[in-house]
Amino acid sequence: MSLTNITILAIESSCDDTAVSIIKNEKILSNVVANQKVHELYGGVVPELASRAHQANIVPVVDAALKKANIQLNELNAIAFTQNPGLIGSLMVGCSFAKSLAQTLNIPLIAVNHMQAHVLAHFIDEPKPTFPFLCLTVSGGHTQIAVFKNYFESEVIGKTIDDAAGEAFDKAAKMLSLPYPGGPLIDQYAQQGNVVYEFAKPNIPELDYSFSGLKTSFLYFLKNEKAKNENFINDNRDNLCASIQNSIVSHLMKKLILASKQTGITNIALAGGVSANSELRKAIENAGKKYHWKTFIPAFEYCTDNAAMIAMTAHYKYLNNEFVNLEIAPSAR
Ligand code: KG4
Ligand code: ZN
């Protein structure tokens, strides 16, 4: 098989988005995502409904990705899928589909870690970070700072001990009666508001994060204010959004700045769904100017869950001969 022509179909199904991407020689040819609206009704992702929706979506999404890329099944050199972490039922749908496709086409199978893929999304477009770099990965399930030494070697130097940053955004949004996922709505409303309220500052040593105290502080603040004025949330929605967003972003930035100081690394990357947050993006750019960082933030479509990042990671794994056999199983952690 020629190494100059590698075409891979990649599947991402770790949570509530069914996504498929085709990559040919480091170039993303298609990146299709089917979102699942059903969870909005429940204020969060319902695992059983997510796996059922993946089952319904996977064939049309694979089809759409192949058509958009103008690639036939017989042109594929490998099939990749997200193996971990995620919701086990959701992962199983992508894994089983990838296995049967690889077996049918008699081509290799590549298993990808979702978190590593969020980071390698930085290598889809220019400018690409140079090693070593620090990556702050912030999503609905994870919040961590890691040092990346090369494509495959990384060390987590700080992580959340309770909620993830995306979870903090979504839970705060729920307290404000905003629909799930509330992170993007907080971002949107915050742009019309001002930071006027302060909540308990997380107090956690070293490079770790904690969001549960902030969440409780926000909850009690709202309870107190609502006892005085039952329309408090409606009357102050934009300022509340700006204030809670500011608290979350300040906490994220404080540890990232500390991590850069401690490691001496000034190549700074941002990954995960929360990297779509406009205040966080601004804060990283501003810190970049102040501390002479080189900053790397992927395009919006590669920040939230997508299969292009799985495809990019699979491309490097293909070059590294990292294949798995059909016995492979997904894992939640
Ligand atoms: O990476 P991702 O798409 O899925 C996970 O792997 O978790 O991240 C989803 C998370 C959700 O919590 C969502 O509310 C948050 O990212 N998010 C945002 C924004 N866009 C997405 N949070 C704050 N501001 C945004 N603009
Ligand atoms: Zn993710």
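Residue positions within a chain follow its written sequence, with the count starting from 1. Going through the entries in the order they are written, you letter the chains from A and number the ligands from 1. Residues qualify for local features only when their pLDDT is at least 70, as the model is predicted, and side-chain atom pairs are given and counted only at 80 or more; totals for whole chains, interfaces and linings, by contrast, use all residues. The basis for the side-chain values is all heavy atoms of the structure; hydrogens and waters are excluded.

J.: Got a minute to help me understand the side chain of Lys-317 in this structure?
T.: Inspection of the secondary structure assignment puts Lys-317 in helix H9 (residues 308-319). Under the relative-accessibility criterion, Lys-317 is labelled buried at 11%. Two residues form a contact once any of their heavy atoms are found within 4.5 Å. Contact partners of Lys-317, with chain neighbours within four places excluded, come to Ile-110, Ala-111, Gln-116, Phe-152 and Glu-322. The way it works is that DSSP assigns letters per residue, a run of H or I at least four long becomes a helix, a run of E at least two long becomes a strand, and they are numbered from the N terminus. When a residue's accessible area, from a 1.4 Å probe over protein chains only, is under 20% of the maximum for its type it is buried; when over 50% it is exposed; and in between it is partly exposed.

J.: Mind showing me how you'd approach the pairing of strand E6 (residues 133-138) here?
T.: Summarising burial for E6: six of the six residues are buried, a large majority. Here E6 shows two buried faces, one formed by Phe-133, Cys-135 and Thr-137 and the other by Leu-134, Leu-136 and Val-138. When DSSP finds at least two bridges between two strands, those strands are taken to pair. Taken together, the six bridges between E6 and strand E7 (residues 143-148) define a ladder with antiparallel strand orientation. Pairing of Thr-137 across the sheet is with Gln-144, part of E7. In this structure, the hairpin formed by E6 and E7 is closed by a connection of four residues. Across four bridges, the pairing between E6 and strand E9 (residues 267-271) is parallel. Paired with Leu-134 across the strands is Ile-268, a residue of E9.

J.: Looking at this model, I keep getting lost on empty space enclosed by the protein. Mind explaining?
T.: Leftover empty space is mapped by rolling, across the atoms, a probe with the size of a water molecule. Throughout, the protein atoms alone are placed on a 1 Å grid, and a set of points is a cavity if a 1.4 Å probe fits but cannot get out or a pocket if it is open with protein on both sides within 12 Å along at least five of seven lines; lining residues have an atom within 4 Å of a point. Grid points are joined across faces, edges and corners, and a volume is the space filled by probe spheres set on the points. Tallying each qualifying case throughout the model produces one cavity of 30 Å³ or more. Taken as a whole, the largest cavity holds about 50 Å³ of empty space. Lining the largest cavity are Ala-168, Lys-171, Ala-172, Met-175, Phe-211, Leu-214, Lys-215, Phe-218, Ile-244 and Ile-248. Among the elements that make up the lining of the largest cavity, the one with the highest residue count is helix H4 (residues 165-175) (four residues). Under the scheme applied, nonpolar residues are Ala, Val, Leu, Ile, Met, Phe, Trp, Tyr, Cys and Pro; charged residues are Asp, Glu, Lys and Arg; polar residues are all the others, including Gly. Taken together, the residues that form the lining of the largest cavity break down as eight nonpolar, no polar and two charged.

J.: Explain the pairing of strand E1 (residues 7-12) here, please?
T.: Each regular strand shows side chains that alternate between the opposite faces of the sheet. E1 sits mainly inside the fold: six of its six residues count as buried. Here E1 shows a buried face lined by Thr-7, Leu-9 and Ile-11 and a second buried face lined by Ile-8, Ala-10 and Glu-12. A loop of four residues connects E1 with strand E2 (residues 17-24), the two strands running antiparallel in sequence. Sheet analysis places E1 next to strand E4 (residues 78-84), joined by four bridges and oriented parallel. Looking at the pairing, Ile-11 lines up with Phe-81 of E4.

J.: What is the right way to look at the domain arrangement of the protein in this model?
T.: Frequently, the measure chosen for interface size is the accessible area that the parts lose on association. Parsing the protein into structural domains produces domain 1 (7-119 + 304-319) and domain 2 (126-297). In this document the domain limits rely on a domain assignment from an automatic tool or a database. Placing the centre of domain 1 and that of domain 2 at their C-alpha centroids yields a distance of 27 Å. Contact with domain 1, which involves 14 residues of that partner, is made by 14 residues of domain 2. Three residues stand out in domain 1 for area buried against domain 2, namely Met-115, Val-119 and Tyr-316, and they jointly supply 42% of the buried area on that side. When a carboxyl oxygen of Asp or Glu lies within 4 Å of a side-chain nitrogen of Lys or Arg, that pair is called a salt bridge. For the interface between domain 1 and domain 2, the tally reads one salt bridge. A salt bridge links Glu-26 to Lys-128; the nearest nitrogen and oxygen atoms lie 3.9 Å apart. A 3.5 Å cut-off defines polar contacts: any pair of N or O atoms within that distance qualifies, except that in protein one atom must be a possible hydrogen donor and the other a possible acceptor, and neighbouring residues in sequence count only when both atoms are side-chain atoms. Here domain 1 and domain 2 share one residue pair in polar contact (both at pLDDT 80 or more) between them. Examining the composition of the side of domain 1 that touches domain 2, we find that four residues originate from one element, helix H3 (residues 114-120), more than from any other. Grouping the constituent residues of the side of domain 1 that touches domain 2 by class yields five nonpolar, five polar and four charged. We define buried area as the total accessible area lost by two parts upon association, computed with a 1.4 Å probe and summed across both.

J.: What is the right way to read the sheet that holds strand E10 (residues 294-296) from this model?
T.: One key point about sheets: their strands pair by backbone hydrogen bonds, in either a parallel or an antiparallel sense. Reading across the sheet, the five strands line up as E8-E7-E6-E9-E10 and stay open at both edges, with mixed pairing between neighbours. Two strands lie at the open edges of the sheet, namely strand E8 (154-159) and E10, each paired on one side alone. Across the sheet, the axes of successive neighbouring strands diverge by a mean angle of 20°, strand direction being ignored. Between N-to-C directions, angles cover 0 to 180 degrees, with each direction set by a line fitted to C-alpha atoms, over the stretch in contact for helices. Contacting E6, E9 and E10, helix H8 (residues 278-291) crosses the sheet at an angle of about 160° to E10.

J.: Would you mind showing me how to read the coordination of the zinc ion (ligand 2) here?
T.: Ideal geometry at a metal centre gives angles of 109.5 degrees when four donors are arranged tetrahedrally and 90 or 180 degrees when six donors are arranged octahedrally. In this listing, donors mean N, O and S atoms no farther than 2.8 Å from the metal, or 3.2 Å for Na, K and Ca; water is missing from the atoms, so a site can look incomplete. Distances from the zinc ion (ligand 2) to its protein donors, His-114 (NE2), His-118 (NE2) and Asp-305 (OD), fall within 2.0 to 2.2 Å. Between consecutive donor residues of the zinc ion (ligand 2), the sequence gaps follow H-x3-H-x186-D. Remark: Asp-305 occurs in the loop between E10 and H9 and His-118 occurs in helix H3; sequence separation between them is 187 residues. The exposure classification of His-118 matches that of Asp-305, with both residues buried.

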